[in-house]
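# Residue-level structure breakdown
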Amino acid sequence: MAIFTGMSRFSSVLFFAFLSAVLSAQSITDISDTTVHSSFRGLSVVNDNVVWLSGTKGTVGNSFDGGKTWQWHTVKGFEQLDFRSLYAMDKKKAAIASAGTPAVILTTADGGATWETRFRSDDTLMFLDGVDFWDNNHGLVFGDPVNGKMFIAETVDGGKTWNEVPEKNRPQLDKGEASFAASNTTMRTVPGGEVWIATGGYRSRLWHSLDYGHHWSDVETPILQGVLSAGIFSFAIGGKDFLLITGGDYLQDTLTKKNFFYTVDGGAHWLQKSNNPGGYRSCIEKTGKNQFICTGTSGTDIMEGPEWKPLSPAGYNCVRKSRSGSAVYFCGAKGKIGKLVAGG
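The rules behind these values
Residues numbered from 1 in each chain as written. Predicted model: local features only at pLDDT ≥ 70, side-chain atom pairs only at ≥ 80, totals over all residues. Heavy atoms only, no water. Helix = DSSP H or I, 4+ residues; strand = E, 2+ residues; numbered from the N terminus. Rg over C-alpha atoms; globule rule 2.2 N^0.38 Å. Contact = heavy atoms within 4.5 Å. Lys, Arg positive; Asp, Glu negative; His and termini not counted. Charge placed at Lys NZ, Arg CZ, Asp CG, Glu CD. pLDDT = per-residue confidence, 0-100. Phe/Tyr/Trp six-rings, centres within 6.5 Å; stacked < 30°, edge-to-face > 60°. Buried < 20%, exposed > 50% of the residue type's maximum accessible area, 1.4 Å probe, protein only. Lys NZ or Arg CZ within 6 Å of the ring centre and 35° of its normal. Core = buried A, V, L, I, M, F, W, Y, C linked by side-chain atoms within 4.5 Å. Pairing = 2+ DSSP bridges. Axes fitted to C-alpha atoms, helices over the stretch in contact; angles between N-to-C directions. 1 Å grid on protein atoms, 1.4 Å probe; cavity = no way out; pocket = protein on both sides within 12 Å on 5 of 7 lines; lining within 4 Å. Points joined across faces, edges and corners; volume = space filled by probe spheres on them. Nonpolar A, V, L, I, M, F, W, Y, C, P; charged D, E, K, R; others polar.

### Some words on the overall build of the protein chain
- Across its full length, the protein chain carries one helix and 29 strands.
- Relative to its length of 344 residues, the protein chain is compact, with a C-alpha radius of gyration of 19 Å against a globular reference of 20 Å.
- Oriented by its inertia axes, the alpha-carbon framework of the protein chain measures out at about 55 × 50 × 35 Å.
- Within the protein chain, counting contacts between residues at least 6 apart in sequence, those at least 24 apart form 50% of the total.
- Separation of charge centres in the protein chain, based on 33 positive and 33 negative side chains, amounts to 4 Å.

Okay, structure coming up:
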């Protein structure tokens, strides 16, 4: 597979057709609740007002007024777990998945007050990396390899039951190849049954399915890889065949080498911008028609034109845009929560 790191005239025209706006004045305002100190990696934004968070110490939070006030819940019986994966359907319903042992998936139907265990594995090899849904009923969860095969399970009833995809149909991963549960953005669903999953470590690839995760093909990437701490930590979908990948090495979080690439042809060729984000980035999100934001422990960057530009020195684990609106939220370590605002 040909991998290009320069920008051809043809690719420039295609890319700038997507990214032609002038960078607007925006900033991140802190909306943290100082009473909560969990580290957050799960973030699901239903609409501009309904926001859910999940993270360490069995903590789940939600706001129904755009982050002005928060309600906090500790999941009973799972107070020591780290819930890094989260998908909220509305104000009442959500699904969360833990990273580590035991591997559990739980759902709530009352805004987080009570939870039902829908899946559990005490196998120490089981490590859940992400969850995403095509709609409020049909979703996937995936995790690190068990017996060399990526773990994948499907739900068609809003997370109440989960059925494993047959092992023969799941991706065969190389030794030292797995996924990062850094921001719940190494899996993205696309309407119609399409889904992408990113891996990292010794080998960092994108895996692609067109039938709700039952058959897969792989795409090689030029992202920094070859060690367990490096690879794709997040990717975004900008349009048909337009993908953006980011990551780097979380043990060297200011390293900018090979931490961002994009493709306009589904991964047949990979391209770079004139500059890269300012270091390791754990999450990238399409936050506007022509706007992308990425964030990580060493800072946050924004792109609306030919270059990445620093947005804030503040670093977060995750950035997500409202599924049915325009609001953009951030979450990070030690209870940190942010919101994108105009001006700055």
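### Looking at the confidence of the model for the protein chain
- On average, residues of the protein chain score 93 in pLDDT, and 92% of them are at 70 or above.
- Ignoring residues within four places in sequence, the model shows residues 1-23, a span with pLDDT below 50, making 51 contacts including any to other chains.

### With respect to the packing of aromatic side chains
- Inspection of every chain in the model, using the stated rule, returns 15 aromatic pairs.
- Arranged with centres 6.1 Å apart and planes meeting at 75 degrees, the rings of F242 and F292 form a pair that is edge-to-face. Of this pair, F242 sits in strand β21 (residues 242-249) while F292 is found in strand β24 (residues 291-296), placing the two residues 50 residues apart along the sequence. Neither residue differs from the other here; F242 and F292 are each classed as buried.
- Members of the aromatic cluster, each reached through a chain of ring pairs, are F242, F260, Y262, F292 and W308.
- A cation over an aromatic ring shows up here: K91 above the ring of F64, its NZ or CZ 5.0 Å from the ring centre.
- Here K336 stacks its cationic end above the ring of Y316, 4.8 Å away from the centre of that ring.

### Overview of the nonpolar core
- Counting residues in hydrophobic clusters, the biggest one holds 23 residues, and the most contacted among them are L43, L53, I293, Y329, F330 and L340.
- Listing elements by their share of this core, those giving two or more residues are β2 (40-45), β3 (51-55), β27 (318-321), β28 (328-331) and β29 (337-342).
- The element contributing the most residues to this core is β28, with four residues.
- Residue contacts for I293: discarding those within four places in its chain leaves C283, I284, E285, T287, T300, D301, I302, W308, L311, V319, F330 and L340.

### Some points on the sheet that holds strand β18 (residues 205-209)
- Reading across from one edge, β15-β16-β18-β19 is the order of the four strands in this open sheet, with antiparallel pairing throughout. In this open sheet, the two strands that pair with only one neighbour each are β15 (187-190) and β19 (217-220). On average, each strand axis in the sheet is tilted by 20 degrees relative to the strand beside it, whichever way the strands run.
- Of the strand pairs in this sheet, β15 and strand β16 (residues 194-198) are connected by four bridges, and their pairing is antiparallel. Paired with T189 across the strands is V195, a residue of β16.

### Digging into the side chain of T107
- Within the fold, T107 resides in strand β8 (residues 103-108).
- The exposure class of T107 is buried, given its relative accessible area of 7%.
- What T107 contacts, discounting residues up to four positions off in sequence, is A94, A95, T114, W115, E116, R118, G158 and G159.

### Here we look at the layout of surface pockets
- What the largest pocket holds in volume is close to 810 Å³.
- For the lining of the largest pocket, the secondary-structure elements that each account for two or more residues are β2, β6 (82-88), β10 (128-133), β15, β16, β20 (230-239), β23 (283-288) and β27.
- Top element by residues in the lining of the largest pocket is β15. It accounts for four residues.
- Of the residues belonging to the lining of the largest pocket, the class tally is 14 nonpolar, five polar and 10 charged.
- The calculated volume of the second largest pocket comes to roughly 340 Å³.
- Lining the second largest pocket are 18 residues, with S179, F180, A181, L228 and Y250 positioned closest to its centre.
- Residues belonging to the lining of the second largest pocket are distributed by class as follows: nine nonpolar, five polar and four charged.

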